[in-house]
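The chain contents come next:
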Amino acid sequence: MTSTRTIGHWADGTDFAGGSDRTAPVTNPATGAVSGQVALATAEDARTVIASAATAFPSWRDTSLAKRTAILFNFRELLNARKDELATIITAEHGKVLSDALGEVSRGQEVVEFACGIPHLLKGSMSENASTNVDVASIRQPLGVVGIIGPFNFPAMVPMWFFPIAIAAGNTVVFKPSEKDPSAALWMARLWAEAGLPAGVFNVLQGDKVAVDELLTNPTVKAVSFVGSTPIAQYVYATGTAHGKRVQALGGAKNHAVILPDADLDLAADAMVNAGFGSAGERCMAISACVAVGPIANELVAKISDRARTLKTGDGTRDADMGPLVTKAHRDRVASYIDAGETDGAKVVVDGRNVTADGADGGFWLGPTLLDHVTPEMSVYTDEIFGPVLSVVRVQTYDEALALINANPYGNGTAIFTNDGGAARRFQNEVEVGMVGINVPVPVPMAYYSFGGWRSSLFGDTHAHGTEGVHFFTRGKVVTTRWLDPSHGGINLGFPQNN
């Protein structure tokens, strides 16, 4: 039976139903049951939500840094006290296990804490007497209304890469979450209101392409942040910039981990299991290609296989290591890649297609899957699968491994496992990837550094959070000042010059 719970928008500090008669079902991936219907905005609904943000902007822009910081601290404290609530919502709609959901919230909170330092981050500079009696100062100011378009795989962490900094810098936000797991956004909106954020500063727009296109084309929206697949990231970047917007669009990935012959193979195997199967592989920083160098491949595959077989797939609210995939269609798509890999000649070492899960029969289950003898022309290697499928590619040398990574169209994250400092240093210098781990499988940086890849993993020139995030949500202004003393007289229409 279909649930009648309706998940709407948030505008001007309150729930907003909108005028659309279109909805999409929201399911619990662990049971397959429909838990609600999310509103899919019309263009007019989207304009109403955007207008709410535009109305709130002048007052929020002029709110003191001290007041903004106090509200951010309030939000941080409330989030810390009630993060279990948010994790439960994430698990119910995304499917990831509760510990994973809590980890997501904690990583997002790091950006909230970083944004609490906004008074320091927005400090400008000044040069006294740049010319005779002329002072020059640089300042950074907010843009206005900014749009954030979030992915399904991290309904709390990814938007928190953006909106704490955007809000702290004085912007107002319209956040469009994925229609697959929309409830976390409304929970955070209510938490912002409880923290004292004025109405209209943080808004939620539910919807599909109609809502996205309005954010990308509406002249009131000055910037857009996006995380999702590479084809959509390309579309968001092209459309948004064509309409004069600042855009950062983070796309897909095919992340490699290179295991050198001198590596600690137990450490590497643990890392491959965690990075390949955590969050059911539904993350852009998952390791999906394990590159075994030299004679270690058989031993490494055996160690990964032994560990993968011990993982329990099941309902995220139970004692499971890995939850279901987000939808049945996505589960079937991921399984089809395993079929294709097997047909192409890869060896299925651990097969997750017929997993026995600790959960309801209707759940979207797919267990950890390990493929060996994968080659670069196979679709299981070339495509971003976004599921719990780890492919082992065997090469003979470090140079072969490096060439494989640098030839890939994506450049999000990579890792190397070795006890050789010289090899690690050479790798970090030569690899053409935005985020590099050395004996660290998922090198997501802390909030005071910036997150983002190279090549087809990022469109735009600004990464998320850190100082680059502050620059994205502000624009520079230079003020040149001269106060005339009483002895001044006369008119000079010449070009300003230094005397």
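Residues numbered from 1 in each chain as written. Predicted model: local features only at pLDDT ≥ 70, side-chain atom pairs only at ≥ 80, totals over all residues. Heavy atoms only, no water.

A. Main features of the packing of aromatic side chains. Within this structure, the stated rule accounts for 11 aromatic pairs. Ring geometry for Phe152 versus Phe386: centroids 5.8 Å apart, planes at 80°, classification edge-to-face. One end of the pair, Phe152, is in the loop between β8 (145-149) and α5 (157-168); the other, Phe386, is in the loop between α12 (379-382) and β17 (389-395), with 234 residues separating them in the sequence. According to the relative accessible area criterion, Phe152 is buried, its value standing at 14%. On the basis of relative accessible area, Phe386 is assigned to the buried category, the value being 15%. Relative to Trp192, the ring of Phe163 has its centre 6.0 Å away and its plane inclined at 70°; by these criteria the two rings are edge-to-face. Taken together, the residues Phe163 in helix α5 and Trp192 in helix α6 (residues 183-195) connect sequence positions 29 residues apart. Here Phe163 matches Trp192 in class, with each residue buried. (Phe/Tyr/Trp six-rings, centres within 6.5 Å; stacked < 30°, edge-to-face > 60°. Helix = DSSP H or I, 4+ residues; strand = E, 2+ residues; numbered from the N terminus. Buried < 20%, exposed > 50% of the residue type's maximum accessible area, 1.4 Å probe, protein only.)

B. Highlighting the side chain of Thr172. For Thr172, the location among the structural elements is in strand β9 (residues 172-176). Assessed through its relative accessible area of 0%, Thr172 is described here as buried. Ignoring any residue separated from it by four or fewer positions in sequence, one finds Thr172 in contact with Ala53, Ala54, Ala56, Phe57, Trp60, Gly144, Val145, Val146, Gly200 and Val201. (Contact = heavy atoms within 4.5 Å.)

C. Structural context of the environment of Thr467. With respect to the helices and strands, Thr467 occurs in helix α15 (residues 466-472). Each C-alpha atom, one on Thr467 and one on Tyr448, is 6.9 Å from the other, the two residues being 19 residues apart in sequence. Among residues more than four places away in sequence, those in contact with Thr467 are Phe114, Tyr448 and Ser450.

D. Quick peek at the pattern of salt bridges. One pass over the structure, following the stated rule, counts 27 salt bridges. One salt bridge connects Arg76 with Glu113, and the closest N-O pair in it is separated by 2.9 Å. Separated by 37 residues along the polypeptide, Arg76 in helix α2 (residues 65-94) and Glu113 in helix α3 (residues 98-115) bring together distant segments of the chain. Between Arg353 and Asp351 there is a salt bridge whose closest N-O contact spans 2.8 Å. Since its relative accessible area comes to 17%, Arg353 is described here as buried. Among the ionic contacts, a cluster of salt bridges with common partners joins Asp266, Asp270, Lys303 and Arg307. (Salt bridge = Lys/Arg side-chain N within 4 Å of Asp/Glu carboxyl O.)

E. Focus on the pairing of strand β5 (residues 34-39). Of the strand pairs in this sheet, strand β1 (residues 6-7) and β5 are connected by two bridges, and their pairing is parallel. For Thr6, the partnering residue across the bridge sits in β5 and is Gln37. The turn linking strand β4 (residues 23-27) back onto β5 is made up of six residues, and Gly32 within it adopts a positive phi angle of 80°. (Pairing = 2+ DSSP bridges.)

F. Just a positive patch on the surface, in detail. Together, Lys222, Arg246, Arg475 and Lys477 make up a region of like positive charge exposed at the surface. Mapped onto the fold, Arg475 is located in strand β23 (residues 474-482). (Patch = residues over 30% accessible without salt bridge, like charges linked within 9 Å, V, L, I, M, F, W, Y side chains within 5 Å. Areas by Shrake-Rupley, 256 points an atom, 1.4 Å probe, with all protein chains shown as cover. Lys, Arg positive; Asp, Glu negative; His and termini not counted. Charge placed at Lys NZ, Arg CZ, Asp CG, Glu CD.)

G. Representation of helix α9 (residues 265-277) in the model. Relative to the 18 Å expected for 13 residues at 1.5 Å per residue, α9 spans 18 Å between its end C-alpha atoms, a close match to the ideal helical length. The inward-facing, buried residues of α9 contact β13 (255-259), β14 (287-293), α10 (297-308), β16 (369-372), β17 and β19 (413-417). You can read the cap of α9 off the contacts: a side-chain oxygen lies 3.0 Å from the backbone nitrogen of Asp266, and it is on Asp264. Downstream of α9 by a residue or two, Ser279 has a phi angle that is positive, lying close to 55°. (Expected span 1.5 Å × (residues − 1). Polar contact = N/O pair within 3.5 Å; in protein donor to acceptor, adjacent residues only side chain to side chain.)

H. A look at the pairing of strand β20 (residues 435-438). Burial along β20 is one-sided: Met435 and Gly437 are buried, and none of Val436 and Ile438, which face the opposite way, are. For β19 and β20, the ladder comprises four bridges, and the chain directions are parallel. Pairing of Gly413 across the sheet is with Met435, part of β20. With helix α14 (residues 421-430) bridging β19 and the parallel β20, this β-α-β connection has right-handed handedness. (Right-handed = clockwise from strand over helix to strand, strands pointing away.)

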